[in-house]
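# Observations on the three-dimensional arrangement
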Amino acid sequence: MKSGVAILTVVAFASVPLWLRDPYLMNALITTGIFIIGAMSLNLLLGFTGQLSLGHIAFFGIGAYVSALTSLGFDVGLPFGLRIVHVPWPPIVGFVLAIVIAGLCGYLVGLLSFRVRGAYFVIVTISFAEVVRLVALNWVELTQGPLALTNIPSITIGLPGLGDLTLRTKLQNYYLVLSVAVVTYLLISRLVHSHFGRAMRGLMENETLAVSVGIDVTKTLTLAAVISAGIAGAAGSLYAHYIRIIDPEVFAFINTVTMVIMVITGGKGSLAGPVVGGMIFGLLPVFLRPIMAPEAQWIAYGGVLIVILFVLPRGIVPSLAQRFAKPRSRAETVAPVAFAERDAKEHA
Amino acid sequence: MSEFLQHLINMLVLGGTYALLGIGLTLIFGIMNVVNFTHGVLYTFGAYIMFIVVQQLGINFFLALPLAVVAGWLLGAAIELTLLRPLRGSDIDTTMLVMIGAWIAMQSGALWIWGGVAKSVATPFPEAPLVLGPVSVSWLRLFVLAAAAMLIVVTYLLINRTKLGCAMRATFQDQDTASLMGVNVDLIYTSTFAIGSSLAAAAGALLGPVYVIFPQMGDLAAVKAFAIVILGGLGNITGAVIGGFILALAEELGAGYVSSGYRDAMGFLIIIAVLIFKPTGLFARSERVG
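### Quick notes on the overall build of chain B
Along the backbone of chain B there are 11 helices and two strands. Seen in sequence order, chain B has helices and strands lined up from the N terminus as α-α-α-α-β-β-α-α-α-α-α-α-α. Each of the three principal axes of chain B carries a C-alpha extent, and together these read 60 × 45 × 35 Å. Residues counted as buried form 56% of the 290 residues belonging to chain B. The contacts of chain B with a sequence gap of at least 6 include a subset with a gap of at least 24, amounting to 78%. Carbon and sulfur atoms make up 68% of the accessible area of chain B, which totals about 11400 Å².

### Observations regarding the overall build of chain A
On a plain count of helices and strands, chain A comes out with 16 helices and four strands. A compact globule built from 348 residues should have a C-alpha radius of gyration of about 20 Å, and chain A, at 20 Å, falls within 12% of that. Principal-axis analysis of the C-alpha atoms places the extent of chain A at approximately 55 × 55 × 50 Å. Per-residue burial for chain A yields a buried fraction of 53% across its 348 residues. Counting contacts in chain A only where the partners sit at least 6 residues apart, residues at least 24 apart contribute 75% of the total. If the 22 positive side-chain charges of chain A are averaged to one point and the 15 negative ones to another, these points end up 9 Å apart.

### Quick look at the packing of helix 2 (residues 39–56) of chain B against helix 4 (residues 92–114) of chain B
Residue and element names in this part refer to chain B. Between helix 2 and helix 4, the shortest axis-to-axis distance is 10 Å and the interhelical angle comes to 25 degrees. By the angle between their directions, the pair helix 2 and helix 4 is classed as roughly parallel. Classified by chirality, the crossing of helix 4 by helix 2 is left-handed. The segment helix 2 lies against helix 4, with Val 41, Tyr 48 and Ile 52 engaging Trp 103, Met 106, Gln 107 and Trp 114. Residues that form the contact of helix 2 with helix 4 fall into these classes: six nonpolar, one polar and no charged.

### Some details on the pattern of salt bridges
All names here are of chain B. Here the structure, examined in full by the defined rule, presents seven salt bridges over all chains. Between Arg 263 and Glu 252 there is a salt bridge; the shortest N-O distance is 3.1 Å. Here Arg 263 is found in the loop between helix 10 (237–258) and helix 11 (266–277), whereas its partner Glu 252 is found in helix 10, with 11 residues between them in sequence. Of the residues examined, Arg 263 reaches a relative accessible area of 24% and is grouped as partly exposed. On the basis of relative accessible area, Glu 252 is assigned to the buried category, the value being 5%. Salt bridges here are not isolated pairs; linked through shared partners, they connect Lys 224, Glu 251, Glu 252, Arg 263 and Asp 264.

### Side note on a nonpolar patch on the surface
On the surface, a nonpolar cluster with roughly 530 Å² of combined accessible area is contributed by Met 1, Phe 4, Leu 5, Tyr 257 and Val 258 of chain B. In this structure, Val 258 of chain B sits in helix 10.

### A word on helix 1 (residues 2–32) of chain B
The end-to-end C-alpha distance of helix 1 of chain B is 44 Å, a good match for the 45 Å that 31 residues give at a rise of 1.5 Å each. The buried fraction of helix 1 of chain B is high, at 23 of 31 residues.

### Let's talk about the interface of chain B and chain A
In this complex, chain B contributes 47 residues to the contact, which on the side of chain A involves 43 residues. Together chain B and chain A conceal approximately 4000 Å² of surface at their shared face, both sides included; 76% is due to carbon and sulfur atoms. Among the residues chain B hides against chain A, the three largest losses belong to Leu 97, Ile 104 and Leu 275 of chain B. Together they make up 15% of the total. Applying the counting criterion to the chain B and chain A interface returns zero salt bridges. Between chain B and chain A we count zero residue pairs in polar contact (both at pLDDT 80 or more) in total. Secondary structure elements with two or more residues in the side of chain B that touches chain A: helix 3 (61–84), helix 4, helix 9 (217–232) and helix 11 of chain B.

### Some thoughts on the confidence of the model for chain B
Low-pLDDT portions of the prediction should not be read for the details of their coordinates. Looking at chain B, pLDDT values average 87 and 97% of them are 70 or higher. The low-confidence segment residues 286–290 of chain B, where pLDDT is below 50, has 10 contacts with residues more than four positions distant or belonging to other chains.

### Looking at the side chain of Thr 171 of chain B
All names here are of chain B. With respect to the element layout, Thr 171 can be found in helix 6 (residues 163–173). Of note is the side chain of Thr 171, whose polar atom sits 2.7 Å from the backbone oxygen of Ala 167. Setting aside chain neighbours within four positions, we find Thr 171 in contact with Ile 31, Ala 178, Val 183, Val 185, Ile 188 and Tyr 189.

### A short note on the packing of aromatic side chains
Residue and element names in this part refer to chain A. In total, this model carries 19 aromatic pairs over all chains according to the counting rule given. Aromatic side chains Phe 281 and Tyr 301 sit 5.1 Å apart centroid to centroid with 85 degrees between the ring planes, which places their arrangement in the edge-to-face category. Of this pair, Phe 281 sits in helix 12 (residues 273–288) while Tyr 301 sits in helix 13 (residues 294–311), and the two are 20 residues apart along the sequence. Pair check on accessibility: Phe 281 and Tyr 301 agree, each one buried.

### With respect to unusual backbone geometry
Residues apart from glycine generally show negative phi values, whereas peptide bonds are mostly found in trans. All names here are of chain A. Positive phi, normally seen in glycine, also occurs at Gln 144, with a value near 65 degrees. Mapped onto the elements, Gln 144 comes out in the loop between helix 6 (140–143) and strand 3 (156–159). Residues other than glycine seldom take positive phi values, yet Ala 148 does so here, at roughly 75 degrees. Structurally, Ala 148 can be placed in the loop between helix 6 and strand 3.

### Side note on the nonpolar core
Ranked by internal contacts, the top residues of the largest apolar core, which has 197 residues, are Phe 37 and Ile 100 of chain B. Once you skip the residues sitting within four places of it in the chain, Ile 100 of chain B turns out to touch Leu 54, Val 257 and Leu 305 of chain A together with Phe 37 of chain B.

### Section: the confidence of the model for chain A
On average, residues of chain A score 83 in pLDDT, and 91% of them are at 70 or above. A low-confidence stretch, residues 329–348 of chain A (pLDDT under 50), is modelled with 35 contacts involving residues beyond four sequence positions or located in other chains.

### A short note on the side chain of Ser 108 of chain B
Summarising the element assignment, Ser 108 of chain B is placed in helix 4. Ignoring any residue separated from it by four or fewer positions in sequence, one finds Ser 108 of chain B in contact with Glu 295, Trp 298 and Ile 299 of chain A.

Rules behind the numbers
Residues numbered from 1 in each chain as written. Chains lettered and ligands numbered in written order. Predicted model: local features only at pLDDT ≥ 70, side-chain atom pairs only at ≥ 80, totals over all residues. Heavy atoms only, no water. Helix = DSSP H or I, 4+ residues; strand = E, 2+ residues; numbered from the N terminus. Buried < 20%, exposed > 50% of the residue type's maximum accessible area, 1.4 Å probe, protein only. Contact = heavy atoms within 4.5 Å. Areas by Shrake-Rupley, 256 points an atom, 1.4 Å probe, with all protein chains shown as cover. Rg over C-alpha atoms; globule rule 2.2 N^0.38 Å. Lys, Arg positive; Asp, Glu negative; His and termini not counted. Charge placed at Lys NZ, Arg CZ, Asp CG, Glu CD. Axes fitted to C-alpha atoms, helices over the stretch in contact; angles between N-to-C directions. Parallel < 35°, antiparallel > 145°, perpendicular 65-115°, else oblique. Left-handed = near helix turned anticlockwise from the far one by under 90°. Nonpolar A, V, L, I, M, F, W, Y, C, P; charged D, E, K, R; others polar. Salt bridge = Lys/Arg side-chain N within 4 Å of Asp/Glu carboxyl O. Patch = residues over 30% accessible without salt bridge, like charges linked within 9 Å, V, L, I, M, F, W, Y side chains within 5 Å. Expected span 1.5 Å × (residues − 1). Buried area = accessible area lost by both parts, 1.4 Å probe. Polar contact = N/O pair within 3.5 Å; in protein donor to acceptor, adjacent residues only side chain to side chain. pLDDT = per-residue confidence, 0-100. Phe/Tyr/Trp six-rings, centres within 6.5 Å; stacked < 30°, edge-to-face > 60°. Core = buried A, V, L, I, M, F, W, Y, C linked by side-chain atoms within 4.5 Å.

Encoded structure:
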């Protein structure tokens with residue numbers, strides 16, 4: 001029944017361009033889709049390992065910059081008289097490199113912060129995002145600084161027998177983002193239900209017990225961070241090639257917060273949570289724009305985040321699933337964070 | 001050499017306010033186990049109180065500082081009573097996310113009320129700096145250093161010499177035992193958050209007139225405060241004071257001898273270095289978080 005809902009949802013999303021002609025709404029849907037991919041990657045960490053990355057936009061932004069620079073080419077001087085000259089490569093190579101390099105950054109951040117638990121990962125990820133933003137702002141020779149990287153080429157896909165297809169229109173980009181989102185969803189779903197996924201949830205719910213049954217905590221957490229960062233990098237690459245201009249503002253903290261709100265509202269630790277939360281918070285600005293000033297919208301966002309945490313602390317999807325589903329399918333939704341156990345641990 | 005001395009003077013001025021920020025955050029973390037993301041907003045709030053009192057109401061500059069401290073105290077107490085007290089006993093992630101929500105709402109509120117244009121505050125100090133041999137320092141900055149030092153001493157006495165401070169330290173060590181000994185833990189929590197918030201507001205009120213005042217000014221201050229707290233060890237007050245001065249020194253030297261564009265990156269580099277070499281902080285008791 002669950003996969004039926006999933007297939008229906010994908011079909012519904014795929015049919016949207018058939019009846020929606022408004023370019024503004026299409027644009028909102030595409031950027032929302034890109035942010036949902038980012039939110040899904042954040043959920044992998046926050047929902048399944050309990051580690052909150054508050055610098056997630058760094059991986060997204062690194063993906064965007066890597067992809068853009070790969071496809072634009074660059075020529076930078078390094079210390080000791082070295083120079084790196086890079087001729088443009090196809091954007092699809094940039095997409096792959098974005099995943100690899102963002103994943104590598106995830107590895108470094110994980111390596112650094114998983115030596116200690118608790119608030120450290122949060123603070124290290126924030127700091128990392130801020131350092132990356134400062135580098136993007138100050139390394140003008142590479143990134144153009146605040147002048148932004150412009151004229152980023154659109155993604156070109158080689159179709160067998162049909163030649164190259166350059167994805168320029170909103171319609172094409174919509175389907176590109178939808179496909180990547182579906183692949184991401186399936187990937188995370190497979191991962192969560194694998195041995196690795198059980199290890200992640202096990203150590204989230206009771207780390208001491210997880211260690212005692214032989215789960216390598218640091219390795220599991222770091223791997224989760226790598227995968228999560230890689231997916232965020234893919235989302236960033238899509239963003240760069242769709243918007244076709246990026247500047248250091250992409251690293252703005254508020255973008256991370258948007259993803260966090262999407263995950264928390266939809267339900268952390270639920271596969272569909274980021275999609276539901278993402279649709280709500282991705283499209284809310286479209287409807288709020290005519291009636292509210294942007295500042296008032298952000299006040300409302302902050303308020304909604306607080307209210308959700310008070311009223312539906314587990315998020316929309318898990319709460320609904322618990323209310324409507326039969327007892328059997330309750331087990332299918334991934335178990336919520338065992339608050340009591342973690343509390344006991346923290347005070348111990 | 002004179003350049004280096006100048007950096008040292010600037011370090012003292014910055015370090016004092018950083019220490020205030022760090023003490024506030026480390027108190028709240030140590031006693032309440034709350035990662036307080038509203039700390040930066042309280043800093044901004046203090047600066048805006050300064051702007052309102054001095055520029056809009058035309059009240060004396062020296063009176064504005066205590067007013068900012070009191071306003072920070074009240075806002076901190078209000079946040080604790082409305083948002084944190086109902087969540088007592090929930091996990092650290094939930095309170096952290098609620099604090100993030102409060103931060104976004106309050107910062108956007110500041111943007112809504114005062115607009116994004118940076119404001120400055122007129123000070124009663126003479127324009128000409130005080131020249132001491134090879135170095136010079138403005139009177140305003142000297143005042144900032146003196147006021148910050150005074151507030152640090154007051155906080156230190158409050159925590160180490162008063163009954164409230166004794167109860168706070170007891171709660172820090174063991175909440176349940178403190179409660180059994182007759183400590184009103186709810187009251188301690190509210191007081192702690194209010195004290196921490198008033199220190200952040202004081203830091204903003206002191207640094208606001210030195211720089212300019214705008215709604216996002218607290219973001220960087222908050223992250224720097226986190227750096228200081230990690231440097232000094234979570235929950236360690238003396239560590240926070242020393243951490244504040246170390247961060248200020250790193251920023252001054254980084255801006256002076258590396259690149260001024262990376263001044264604000266120093267805090268993060270410190271965080272990274274501390275986590276690599278001494279993850280419990282430089283002055284920590286041997287305790288891990290979580």
